[in-house]
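A closer look at the structure
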Amino acid sequence: MDTKKVLWGIIIFLLSLVVILNYDSIHDFFGTSVNPLDDIYEYDNQEISIRKLFEASYEDIYYADHWVATGKYCYKYEWISDPDNEEFSTSEIINKEIINLTYDHYHDNTDNHLGILSGRRTYPYHEDSIIGDRKTTNQIATFKYYDGIISGTTRQIYEYTGHKCSCKVSLEKILVPDLDNISEAVSKGEISVEFDGLVDEQGHFVVTFTGQRLPFIDSAFWGYNYDFSEAIYTFDAKSRMIVNVTLKDLDLSEGYASLTQRSSTELYFNIGDISYGNYDIPEIPQVICQNSVINDIISGDGTFKPGYDLLCEASDNAAASDISKIWRSAVSSGNAFCTLEELSEKLSEKASGYDLEIVKKDYYINAEENTLFIRYLITQDDNEIGYIVMPLAVYGAKIRNDNNILSFAEDELTVFEDGCIRVNHRNTSSITTEMNYCFYNDGILRIDYKVTRESSYSRLSDIEELTLFTNGDYKKLQKFIEENPNSGFTWIDKYDVYENGRLNTYYIADDTGTSAGLSDDTISFVSLDHISEITCYEPYKENARWTDF
């Protein structure tokens, strides 16, 4: 009997030794499930798995009253000489963008919860971008992205200040991803999973997902995940709570000569304290324009300093003087800075003293969201007199207004989608004057060029007609007409173009083909192509689409 006990003891000892020495192999055979998310490991006398780690964070991430995460988005595109040897490789950065991020999560109940992503760009991506700001050297670029459910209604709002930049992401959907989606991607071989159940020196578990792309985070990026190819999740070993997450992507492709193109993207978030208590969910702003500087003006919250000048260079309407007085009186009274509504009230008040009405009619925001145009209607006894167009340019993340345009009912006023303004006035039955304004690099609207058109070239032999056409400076053109009586022209345009601070005059006769070949010592004939090169002339511009207040 004792011999049997000793024998069994030896057998048990040997089996135990085999198990200890071959634990990893036995675990691989018996402990590994079909789904690596459910592989069981042991730590601190407790079973852990990838699924259990994510499930441990789920309740706090989604249902805590408030938590904050801080992070960073980095993008870099460069040419490198030797990607396999960083020590001796040289590189030239073509584009680079760094955005510092903060994410605030608020939760009240299933019908009221909100995530707010705030970002500030610290390194510009497109230094020459004009989206959101006419000052191309402006380094200001901040944004907020609101994503949640308020009173049972899904709300997603984005707004920015300065140059437009964004990194729209719902962080909860990254921190607690769709595990079923991961399992499906793993089973299809689309992604691989790396987790050894061991704790690193910082006391963390690290789970890594790798694939050509990671479909399980698509929903966090409005359905598109920026093609991140690696997701690294870090969990605290004691609490099992997620500590941070990093998404990465690196792409190498052939360049020119011996250089290689390399683009790298990284999105990182570190999770801060998770709190329970009474936290008020911030109010989501009403956004008409995503550029907050413009949106504040339309909503009535923003102030600006109206410009003193009211330009009316094409018309000789007698009312121009009175309307200019009304404008200058309105912008000069009270505080220098005012809201749009305060300026409108002042204009209405001052206009009543001249038996006129000036009312805010409509507005237009250009595609680049860097200019807001306000149009005021001028009437008298219900008869239309004209319009005032007030362009409010965003320059250095502030509103700039210098020159405003006055036109009358008999004029043709056009604001184009690109922000240029054209006023066409008929002087006589055959002569028209067209003023063209555009924005310069300093954010100020100025005249770009003036076109005086004579539809009947033969009438210029009359000195009175010639004087009206040239605005008194007719000697050079008169000499040309006298020396070329059989030119065969039917019409002629005079272009006064402002170039480098000086006024230059050019002529186009009949059509582009004819004018391109003309040259004369007294006057300059050019083609329409040349005009388009030195001005903002563009034959196929789209007109602005106005929105009523």
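Scoring rules and cut-offs
Residues numbered from 1 in each chain as written. Predicted model: local features only at pLDDT ≥ 70, side-chain atom pairs only at ≥ 80, totals over all residues. Heavy atoms only, no water. Pairing = 2+ DSSP bridges. Helix = DSSP H or I, 4+ residues; strand = E, 2+ residues; numbered from the N terminus. Axes fitted to C-alpha atoms, helices over the stretch in contact; angles between N-to-C directions. Salt bridge = Lys/Arg side-chain N within 4 Å of Asp/Glu carboxyl O. Buried < 20%, exposed > 50% of the residue type's maximum accessible area, 1.4 Å probe, protein only. pLDDT = per-residue confidence, 0-100. Contact = heavy atoms within 4.5 Å. Phe/Tyr/Trp six-rings, centres within 6.5 Å; stacked < 30°, edge-to-face > 60°. Lys NZ or Arg CZ within 6 Å of the ring centre and 35° of its normal. Arc of directions from axis to C-beta. 1 Å grid on protein atoms, 1.4 Å probe; cavity = no way out; pocket = protein on both sides within 12 Å on 5 of 7 lines; lining within 4 Å. Points joined across faces, edges and corners; volume = space filled by probe spheres on them. Nonpolar A, V, L, I, M, F, W, Y, C, P; charged D, E, K, R; others polar. Core = buried A, V, L, I, M, F, W, Y, C linked by side-chain atoms within 4.5 Å. Parallel < 35°, antiparallel > 145°, perpendicular 65-115°, else oblique. Left-handed = near helix turned anticlockwise from the far one by under 90°.

One open sheet holds the six strands; their spatial order is β19-β20-β21-β22-β23-β24, and the pairing between them is antiparallel. Both outer strands of the open sheet, β19 (412–415) and β24 (502–509), are each paired with one neighbouring strand and no more. Between one strand and the next, the sheet's axes are offset by a mean angle of 15°, whatever the strand orientation. With nine bridges joining them, strand β21 (residues 431–439) and strand β22 (residues 445–454) adopt antiparallel strand pairing. The residue of β22 that forms the bridge with Met435 is Lys450.

Quick look at the pattern of salt bridges now. Evaluated as defined, the whole model comprises 18 salt bridges. Glu184 is paired through a salt bridge with Lys188; the nearest N and O atoms lie 3.0 Å apart. Among the salt bridges present, the one from Lys360 reaches Glu341, with a minimum N-O distance of 2.9 Å. Residue Lys360 is found in strand β14 (residues 357–365), and its partner Glu341 is found in helix α8 (residues 340–352); the two are separated by 19 residues along the sequence. What makes Lys360 partly exposed here is its relative accessible area of 26%. By sharing partners, the salt bridges in this structure join Arg422, Glu434, Arg453 and Asp493 into a single network.

Our next topic: the confidence of the model for the protein chain. Summing up the model confidence of the protein chain, the mean pLDDT is 87 and the portion of residues at 70 or higher is 87%. Considering only residues more than four positions removed or in separate chains, one finds that residues 23–32, a stretch of pLDDT under 50, has nine contacts.

Moving on: the packing of aromatic side chains. Under the defined criterion, the tally for this structure stands at 24 aromatic pairs. Centroid distance Phe480 to Phe525: 5.1 Å. Interplanar angle 50°. Geometry classified as tilted. Pair noted here: Phe480 is in helix α10 (residues 475–483) and Phe525 is in the loop between α11 (512–516) and α12 (528–534), with a separation of 45 residues, a long-range link. Following the ring pairs from residue to residue traces out a cluster consisting of Phe54, Phe209, Phe216, Tyr233 and Phe235. The ring of Tyr158 is capped by Lys168, whose NZ or CZ atom sits 4.7 Å from the centre of that ring. For the cation-ring pair, Lys541 lies above Phe416, with the distance from its terminal atom to the ring centre recorded as 5.2 Å.

Let's shift gears to α10. For α10, the set of buried residues is Leu477, Phe480 and Ile481. Buried residues of α10 fall within an arc of 100° about the axis and therefore sit on the same side. Of the exposed residues in α10, those oriented more than 90 degrees away from the buried face are Lys475 and Glu482. Structurally, α10 contributes buried residues whose contacts are with α9 (463–470), β23 (492–499) and β24.

Moving on to empty space enclosed by the protein. Applying the stated criterion across every chain yields a total of one cavity of 30 Å³ or more. Roughly 40 Å³ of volume is contained in the largest cavity. Forming the walls of the largest cavity are Phe416, Cys420, Ile421, Arg422, Asn436, Tyr437, Tyr449, Cys536, Tyr537 and Lys541. For the lining of the largest cavity, the elements supplying multiple residues, two or more each, are β20 (421–426) and β21. Grouping the amino acids of the lining of the largest cavity by side-chain chemistry returns seven nonpolar, one polar and two charged.

With that out of the way, let us pick up the layout of surface pockets. Its boundaries defined by the atoms lining it, the largest pocket holds a volume of some 300 Å³. Along its surface, the largest pocket is lined by 17 residues, and Tyr62, His113, Gly148, Glu172 and Lys173 are the ones closest to its centre. Those elements that place two or more of their residues in the lining of the largest pocket are α3 (50–63), β4 (91–109), β5 (112–123), β6 (141–150), β7 (153–162) and α4 (172–175).

Now for the nonpolar core. In terms of nonpolar packing, the biggest core is built from 55 residues, with Ile174, Phe209, Tyr233, Leu267 and Phe269 touching the most fellow members. For this core, the element with the highest residue contribution is strand β3 (residues 66–80), accounting for six residues. Once residues within four sequence positions are removed from consideration, Ile174 is found in contact with Val169, Ile217, Ala220, Phe221, Tyr233, Val245, Leu247 and Leu267. Core analysis: the next-biggest nonpolar cluster, separate from the first, contains 34 residues, Cys289, Ile298, Leu343 and Ile358 among them.

Bringing the environment of Pro36 into the picture now. Here Pro36 lies in the loop between α2 (23–31) and β1 (41–43). If near-sequence neighbours (up to four positions away) are discounted, Pro36 is found in contact with Ile50, Val186 and Val193.

Turning to the pairing of β19, a few remarks are in order. Pairing analysis gives four bridges linking β19 to β20, with the strands arranged antiparallel. The residue of β20 that forms the bridge with Val415 is Ile421. Hairpin connection from β19 to β20: five residues lie between these consecutive antiparallel strands, with Gly419 at a positive phi of about 100°.

Another point: the packing of α9 against α10. The N-to-C vectors of α9 and α10 enclose an angle of 130°; their axes lie 10 Å apart at closest approach. Put simply, α9 runs oblique to α10. Where α9 crosses over α10, the two elements pack in a sense that is right-handed. Here Ile463, Leu466, Phe469 and Thr470 of α9 lie close against α10, whose contacting residues are Leu477, Gln478 and Ile481. Its residues assigned to classes, the contact of α9 with α10 comprises five nonpolar, two polar and no charged.

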